[in-house]
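Structural overview for review
Each chain, written out:
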Amino acid sequence: MMMQTRTGLAACLALALALASVGLAALAQPASGPQSGIVFRNTVTGEALDTSQGKEGGRDTPAVKAFFESGKNLYIDDKACLRNGESLFATSCSGCHGHLAEGKLGPGLNDNYWTYPANTEDTGLFSTIFGGANGMMGPHNENLTPDEMLQVIAWIRHLYTGPVKDAVWLDAEQKKTYRPYREGETFPRDAKGQCKPLE
Ligand code: HEC
């Protein structure tokens, strides 16, 4: 009996030590990726994300550079980017989150309730998409570039049905003209904007 308690205690100590060293390893991570002014952190663990990791490309567009510096998503009301975002969301996200991000296997993304309040900001949404969250919500940095993530984020924000006052991703001017998605709305292939049609 006594032996068992001792072994249990030793195992506990070993675990505590292991956890402590994981914590230290997280702290030892570089404060930021090579090109970012903002430090993106894993939504669940808080560990710094290395934005250079994952699917190649889509890191040197003006929009990604601006986003990594300021957290402002230049694609938010750009029709050409919304068109792409719709299609990327349909392929990568809607199976779990629903066609209109109304929620399915994963939570709804079109209202003002967030499991992780950081997702109220586009920087939080980016971190969740890039690094994942719990369970089925895996990281998506292997199948989407940062530029594509900004397009997906623009689309999610376009599907938003909550009060406009809570839409912190819009500036005062954008709030005035914000019109949420209407079922059946489409964006033509030749829509003018910053994003080229997807291949
Ligand atoms: C295989 C199913 C699956 C796929 C595919 C998926 N998700 Fe998720 N997602 C989930 C689940 C389940 C959760 C809840 C996880 C949690 O609470 O930690 C979640 C959570 C989230 C959250 C956090 C929501 C909140 O309330 O804070 C965001 C944001 C999100 N997903 C965005 C996306 C985007 C964008 C995509 C596509 C690039 C995507 N997800 C693809 C299943 C999925």
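Computed from a predicted structure; not experimentally measured.

**Here we look at the site of the ligand**
- The ligand sits among 23 residues. The nearest are Cys 93, Cys 96, Gly 106, Ala 133 and Asn 134.
- When residues of the shell around the ligand are traced back to their parent elements, those giving at least two are helix 4 (94–97) and helix 5 (122–131).
- Among the residues forming the shell around the ligand, the class breakdown is 13 nonpolar, 10 polar and no charged.

**Some thoughts on the UniProt feature "binding site: heme c" (unreviewed entry) in the protein chain**
- Taking the UniProt record as the reference, the feature "binding site: heme c" (unreviewed entry) is found at Cys 93, Cys 96 and His 97.
- Assignment of secondary structure puts His 97 in helix 4.
- Classification of His 97 by C-beta neighbours within 10 Å gives buried; the count is 22.
- In contact with His 97, other than residues within four places in its own chain, are Gly 103, Lys 104, Gly 106 and Leu 109.

**Examining helix 2 (residues 62–70)**
- Taken as a whole, helix 2 has its buried residues at Ala 63, Val 64, Phe 67 and Phe 68. Axial view of helix 2: buried residues confined to an arc of 130 degrees, hence all on one face. Structural note: helix 2 exposes Pro 62, Glu 69 and Ser 70 on the side pointing more than 90 degrees away from its buried face.
- Along its buried surface, helix 2 packs onto helix 6 (146–158).
- Note on helix 2: the residue one or two positions beyond its end, Gly 71, has a positive phi of about 80 degrees.

**Focus on helix 3 (residues 79–92)**
- Compared with the 20 Å implied by 1.5 Å per residue over 14 residues, the 20 Å span of helix 3 between its first and last C-alpha is a close match.
- Residues Ala 80, Cys 81, Leu 82, Arg 83, Asn 84, Gly 85, Glu 86 and Phe 89 constitute the buried set of helix 3.
- Packed against the buried residues of helix 3 are helix 4 and helix 6.

**Quick notes on the environment of Glu 69**
- Structurally, the position occupied by Glu 69 is in helix 2.
- The sequence separation of Glu 69 and Val 39 amounts to 30 residues, and the corresponding C-alpha distance is 9.5 Å.

The rules behind these values
- Residues numbered from 1 in each chain as written.
- Predicted model: local features only at pLDDT ≥ 70, side-chain atom pairs only at ≥ 80, totals over all residues.
- Near = placed C-beta within 6 Å.
- Helix = DSSP H or I, 4+ residues; strand = E, 2+ residues; numbered from the N terminus.
- Nonpolar A, V, L, I, M, F, W, Y, C, P; charged D, E, K, R; others polar.
- UniProt positions renumbered as here; feature names shortened; annotations may be inferred.
- Buried ≥ 20, exposed ≤ 12 C-beta atoms within 10 Å, placed from the backbone.
- Contact = placed C-beta atoms within 7 Å.
- Arc of directions from axis to C-beta.
- Expected span 1.5 Å × (residues − 1).

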